[in-house]
Amino acid sequence: MFFIGNATAMLADNMEHVVSYWVLYQKFSSPALSGFAVISHWLPFLLFSIYVGGLTDRFDPRRMIQFGLLLFMGVSLAWGILFATGALQIWHAMVLLALHGIAGVFWTAPAQILVYDIVGARQLQSAVRSNATARFVGTMLGPAVGSVLMLTLKPATAMFVNMLIYLPLLLWLWKAPYGPKFRTVEPVAARAIRGFSDVFVTLREIAGNRTMVSMILLAGAASLFIGTAYQAQMPGFANLLGHGNPGVAYSVLLAADAAGALSAGLVLESRGLLSAKPRTALMLAALWCVSLGWFAVTARYWLAVPLLFTAGFMELAFGAMVQTLVQINAPPAIRGRVIGVFVMASLGMRTFSGITVGLIGNFIGIRGSLSLSSALLLLTVIGIYSFGRRQPAVADTWSGL
C-alpha cells in the first residue's frame, strides 16, 4: 500500500506540473517564471532537508508525510480556484510553486525513514528499488494523465481531481502500523535541531564510515553535474539528431530514458541482481556517465535511443543502491539527520544542474555541455573510488564488486 500510495502521489505531483506549467505559459509566457519553477522545485531540498531530517528523528514520519501531502493538496486546490476565477497573478504562481517544493521535502526524507521501518535492514535494497520503480511509474504516467485531464476537462477541474489523488496515501498513513511506536529498538534521546550546523555535525559523526561519505558524495556530484537537467535539453537533441519529425524523435528519446529506468527496477528486482556494494554503485554511476557522454556526441539516431535506454537503466540502478547503502549504514540515533543530508545532496544539488548542463550549453552547445558534465562526473567517480580504497578499514559495507 505504501508503494502504491507513493506511485499515485508521484502521479499527482507530475500531473500538477503539466497543468500548471501549461497555464502559466499561456497566461504569462515568461521564461523567468519558467526558470523560477525549476529553482523553486529543488531549492527547498537544498535549504530544508536537514531540518526535516532532524524533525524525523523526533516525530512520527507518517505525520510528516501527511503534512507534506496536505500541502500538496492545498496547492492543487489553490491552483484550481485561481484558474477557475481567472484571478491568477505572477506572485500567486511564485508562492504556490515554492510551497509545492517545500511539500516535496516533507514527503521525501520521512518516506525513506518509513521504508526502513516497514521492511527493516534485510529487505531494504529490495524495498528501495521497488519504491523507486513505483515512483518512476508515477513520474512517467503523470504527464500523460495530466495532459488527458487538461484536454477533456478544464485546467481548474483537472487540479481539483489532482487534489483527490493524494488521498489514498494520506488516509493509509493515518492507521499504518509503522513508525516510532512500533519500532522494536529502544527509542533514542531527542536532540536539538541546530539547522545548517547539523550538516557539519552529522558529517563529522559519520566521517569514519567511508561507505556513507562516499555515497553522499556520489549522490551530490551526480545531481550537481547532471541531475535531470539533460532531460530539459532533449528537444534540442531531437533537432540535432535530425531523424524525421522532431516531435516524434523527442517523444522516443524521453520514452527510451524512462523505459530504461523502469526496466532496471523490474529486471534487477525480479532476478535479485546486483546486491548493494559501494564499488558496484560507483561502477554503475561510471557507466551512466559513459552512456550520457556518448549520447551527447553521437550523430546517429539509431544509436542515441539505446544509449538513453542504458543511461536510464544505470541511473535507477545506482540511485537505488546509493540510497540503500546510506540507509543501512546510518546510525539509528541520527538516521533522520543522515537521510536529511543525503536528500540535500541527491536532490538539493539539482538546483545547480541547470547551470552545469543548461546555462553552459548556451556558450558551448548542448552536446558540449552534457559531454563535459559527464566527463567531470566520471572523474569525480574515479576520485571517490580512490578515496574509498585509501581510507583505513572500518566496520562498514565497503567491499568488492
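All values reported here derive from a predicted model rather than from experimental measurement.

Participant: Break down the overall build of the protein chain for me, with residues and values.
Facilitator: Regarding its fold elements, the protein chain presents 17 helices and zero strands. Evaluated residue by residue, the protein chain yields a buried proportion of 52% over its 401 residues. Across the protein chain, every contact between residues at least 6 apart in sequence was considered, and the portion connecting residues at least 24 apart equals 86%.

Participant: Please give an account of the packing of aromatic side chains that cites residues and values.
Facilitator: The final tally for this structure, using the stated rule, is 10 aromatic pairs. Look at Trp42 and Phe45: their rings are 5.7 Å apart centre to centre, the planes differ by 45°, and that puts the pair in the tilted class. With Trp42 and Phe45 both in helix H2 (residues 31-58) and three residues apart, this pair spans about one turn of that helix. Neither Trp42 nor Phe45 differs from the other in exposure class; each is buried. Between Phe237 and Phe295, the aromatic rings sit 4.8 Å apart at their centres with planes inclined by 50°, giving tilted as the arrangement. Of this pair, Phe237 sits in helix H11 (residues 234-241) while Phe295 sits in helix H13 (residues 278-297); the two residues are 58 residues apart in sequence, bridging distant segments of the chain. On the accessibility criterion, Phe237 (2% relative accessible area) is buried. A network of ring pairs unites the aromatic residues Phe2, Phe3, Trp172 and Tyr178 as a single cluster. Geometry around Trp174 places Lys175 over its ring, the cationic atom sitting 5.0 Å from the centre.

Participant: An account of the confidence of the model for the protein chain is requested, with residue identities and associated values reported.
Facilitator: When pLDDT is averaged along the protein chain, the result is 82, and 87% of the positions lie at 70 or above. Across the protein chain, helix H3 (residues 61-85) holds the top mean pLDDT of 94, while helix H16 (residues 353-359) sits lowest at 66.

Participant: With reference to specific residues and values, describe helix H15 (residues 335-346).
Facilitator: Given a rise of 1.5 Å per residue, 12 residues ought to cover 16 Å, and the 16 Å separating the end C-alpha atoms of H15 matches this to within 8%. Here H15 lies mainly inside the structure; 12 of its 12 residues are buried.

Participant: Could you give an account of the packing of H13 against helix H14 (residues 301-329), with specific residues and numbers?
Facilitator: In contact at an axis separation of 8 Å, H13 and H14 are set at 155° when each is read in the N-to-C sense. When the axis of H13 is compared with that of H14, the two are roughly antiparallel. As for how H13 packs across H14, the hand of that crossing is left-handed. When the residues that make up the contact of H13 with H14 are grouped by side-chain class, the tally is 20 nonpolar, three polar and one charged.

Participant: So, the pattern of salt bridges: which residues are in play, and what are the values?
Facilitator: Per the counting criterion, the structure on display carries one salt bridge. In this structure, the salt-bridge partner of Asp60 is Arg62, at a minimum N-O distance of 2.6 Å. Asp60 gets classed as buried once you look at its relative accessible area, which sits at 13%.

Participant: So, the environment of Ala158: which residues are in play, and what are the values?
Facilitator: Mapped onto the fold, Ala158 is located in helix H6 (residues 155-165). For the pair Ala158 and Met15, spaced 143 residues apart in the sequence, the C-alpha separation amounts to 8.7 Å. Setting aside anything within four residues of it in sequence, one finds Ala158 in contact with Val19, Leu149, Met150 and Leu153.

Participant: Mind laying out the environment of Ala345, listing which residues take part and the relevant values?
Facilitator: Of note, Ala345 is situated in helix H15. In the structure, Ala345 is positioned 125 residues away from Gly220 in sequence and 4.1 Å away in space, judged by C-alpha atoms. Those residues in contact with Ala345 that lie beyond four places of it in its chain are Ile216, Ala219, Gly220 and Ser223.

Participant: Could you give me a rundown of the nonpolar core, with the residues and numbers involved?
Facilitator: If you look at the biggest cluster of nonpolar residues, it comprises 74 residues, and the most contacted ones within it are Leu218, Leu253, Trp288, Phe295 and Leu377. Top contributing element to this core by residue count: H14, with 15 residues. Residues contacting Trp288, with those up to four places away along its chain left out, are Ala222, Ile226, Gly227, Tyr230, Ala311, Met314, Glu315, Phe318 and Leu377. Within the second largest apolar cluster, 45 residues are counted, among which are Met15, Ala93, Tyr116 and Ala320.

Scoring rules and cut-offs
The residue numbering used here restarts from 1 in each chain and proceeds along that chain's sequence as written. With the structure being a predicted model, the display of local features is reserved for residues of pLDDT at least 70 and the display and counting of side-chain atom pairs for 80 or more, all residues being used for whole-chain, interface and lining totals. Neither water nor hydrogens contribute to the side-chain values; these are computed over all heavy atoms in the structure. Numbering of helices and strands runs from the N terminus; a helix is a DSSP stretch of H or I covering at least four residues, while a strand is a stretch of E covering at least two. Summary of the burial criterion: residues with accessible area below 20% of their type's maximum are buried, those above 50% are exposed, and those between are partly exposed, where the area comes from a 1.4 Å probe applied to protein chains only. Contacts between residues were defined by any pair of non-hydrogen atoms, one from each residue, lying within 4.5 Å. Pairing of aromatic side chains here covers Phe, Tyr and the six-membered ring of Trp, requires ring centres within 6.5 Å, and sorts the geometry by plane angle: under 30 degrees stacked, over 60 edge-to-face, intermediate tilted. Comment: the charge-over-ring label is applied if NZ (Lys) or CZ (Arg) is within 6 Å of the ring centre and within 35 degrees of the ring normal. Summary of the metric used: pLDDT quantifies the predictor's per-residue confidence within the range 0 to 100. How far a helix is expected to stretch is found by multiplying one less than its residue total by 1.5 Å. Helix axes are fitted only over the stretch in contact, all axes being lines through C-alpha atoms; the angle between N-to-C directions runs from 0 to 180 degrees. In this scheme, roughly parallel covers angles under 35 degrees and roughly antiparallel covers those over 145, while 65 to 115 is roughly perpendicular and the rest are oblique. Crossings are classed by handedness, with left-handed meaning an anticlockwise turn of the near helix from the far one by less than a right angle and right-handed meaning a clockwise turn. Each residue is assigned to one of three groups, with Ala, Val, Leu, Ile, Met, Phe, Trp, Tyr, Cys and Pro labelled nonpolar, Asp, Glu, Lys and Arg labelled charged, and all others, Gly among them, labelled polar. Here, a salt bridge means any Lys or Arg side-chain nitrogen found within 4 Å of an Asp or Glu carboxyl oxygen. Throughout this description, the term nonpolar core refers to a set of buried Ala, Val, Leu, Ile, Met, Phe, Trp, Tyr and Cys residues connected via side-chain atoms within 4.5 Å.

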